[in-house]
Amino acid sequence: MQERIIQLDGLRAIAVIGVMMTHFLHPDNWIRKLAPWGELGVNLFFVLSGFLITNILIKIKTKIHRNETSIRKSLFSFYGRRIIRLSPVYYITLAVLFLVNYQEIRSVIWWHILYCSNVKFVMDYPKSIGHVAHFWTLSIEEQFYLFFPLFVLMIPKRFLERSFLILIVLAPLSRLLLSLALPENHLARVLLLPTCLDSLGCGAYLSLRRDKKDSPICNTQFYMLSLSTLVITIVANQLRFIPSGVETVFMRTIMAVYFFCLIDSIVGGVGVAIPLLRNRFFVYLGTISYGVYIVHHFVPALLTPLMKNIGSPWIRNTYFEFVVFFIASVAIASFLWHWVEKPLLGLKQSFKYH
């Protein structure tokens, strides 16, 4: 499989736009109400993460099997590269928020430093989370990266496929059990790592299957079935035809299965969206999407007071606000990419996979 699949950067761009639509558009806006854009974007990120990380781990596993490296050296390189890629921008953001006395960070800073934001949010429910709410996904990913490499490298390859399927099944089951055990705490059903393993697991399963067969896994019929199931479920849920408990248990899995098929077709170069996903703007936005995701939720808090002082009604229009917040988020993320993330990528050479 090729090292870099450029259209997946375009897919990251679509995912982060979905998240920004939820956070930037007014809750009563008709576009915002059409679909759970933020949830779709986050789950697409999770499936992509599972897919890409498993690609790396399967290659490492092959090298270990050939006695070209050891598990200890491989894990050292893996965690070193993850820290270089993900930690600088995150910790810089935490430091800035702490120094400006941002209370949502300052009072619980260690939970965020240790990537346990999601656990703290669940413990503090129903306390308002505020503009750090999106940090839960960063905690999920780091927690996943902590256990998953050991999981993949220690289990014999012949058992990996069924192990990934077990992870996928565990997610809706954990959401069901948490719904029964903690019926008043809806955050527990969606913010803890076990509840997200269907999305991450679908990406991992796709990577494993494509390692065995470097061609699309899903045929057209299954792709259309997964898409129609997702659309019908979203519409039914928006019309309140689906009880909230049922939606909580199964919606994320339905999303994950569709994104499994979507990524499968895109990696195979199939689909009418390929030219769009390879467009320079979408590829660039996908490249800086990590920074965009981290900073975007703070942008409205910074700019809304300034825009209100101007006083013109059209400036407070939700579409104008979206454009302003979008441009500001991309500008800040671009600065972080060119001056922090990109220069530090060279340090990955110190953590090569031997």
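The structure we're discussing is the one just above.
We now turn to the structure provided with this report. (Residues numbered from 1 in each chain as written. Predicted model: local features only at pLDDT ≥ 70, side-chain atom pairs only at ≥ 80, totals over all residues. Heavy atoms only, no water.)

Quick notes on unusual backbone geometry
Argument step 1. Residue Pro-126 is reached from Tyr-125 by a cis peptide bond, and omega for that bond is 10°.
Argument step 2. You will see that Asn-67, though not glycine, has its phi angle at about 65°, which is positive.
Argument step 3. Mapped onto the elements, Asn-67 comes out in the loop between helix H3 (37-65) and helix H4 (71-99).
Argument step 4. Even without being a glycine, Arg-240 presents a positive backbone phi close to 65°.
Argument step 5. Secondary-structure assignment places Arg-240 in the loop between helix H11 (220-238) and helix H12 (244-267). (Helix = DSSP H or I, 4+ residues; strand = E, 2+ residues; numbered from the N terminus.)

Observations concerning helix H14 (residues 280-287)
An α-helical segment advances 3.6 residues per turn. Residues three or four places apart therefore align on the same side.
Argument step 1. Among all positions in H14, only Phe-282, Val-283, Leu-285, Gly-286 and Thr-287 are buried.
Argument step 2. On its buried side, H14 packs onto helix H1 (6-24), H4, helix H13 (274-277), helix H15 (289-296) and helix H17 (318-344).
Argument step 3. A side-chain oxygen of the first residue of H14 lies 2.8 Å from the backbone nitrogen of Phe-281; this N-cap is Asn-279. (Buried < 20%, exposed > 50% of the residue type's maximum accessible area, 1.4 Å probe, protein only. Contact = heavy atoms within 4.5 Å. Polar contact = N/O pair within 3.5 Å; in protein donor to acceptor, adjacent residues only side chain to side chain.)

Some thoughts on the packing of H3 against helix H8 (residues 135-154)
Argument step 1. Following both chains from N to C, one finds H3 and H8 inclined at 25°, their axes separated by 10 Å at the closest point. Classed by the angle they form, the pair H3 and H8 counts as roughly parallel. In this structure, the crossing between H3 and H8 has a hand that is right-handed. Of the residues in H8, those touching H3 at Val-42, Phe-45, Phe-46, Ser-49, Gly-50, Ile-53, Thr-54, Leu-57, Ile-60, Lys-61 and Ile-64 are Trp-136, Thr-137, Ile-140, Glu-141, Phe-144, Tyr-145, Phe-148, Pro-149, Val-152, Leu-153 and Met-154.
Argument step 2. Looking at the contact of H3 with H8, its residues break down into 16 nonpolar, four polar and two charged. (Axes fitted to C-alpha atoms, helices over the stretch in contact; angles between N-to-C directions. Parallel < 35°, antiparallel > 145°, perpendicular 65-115°, else oblique. Left-handed = near helix turned anticlockwise from the far one by under 90°. Nonpolar A, V, L, I, M, F, W, Y, C, P; charged D, E, K, R; others polar.)

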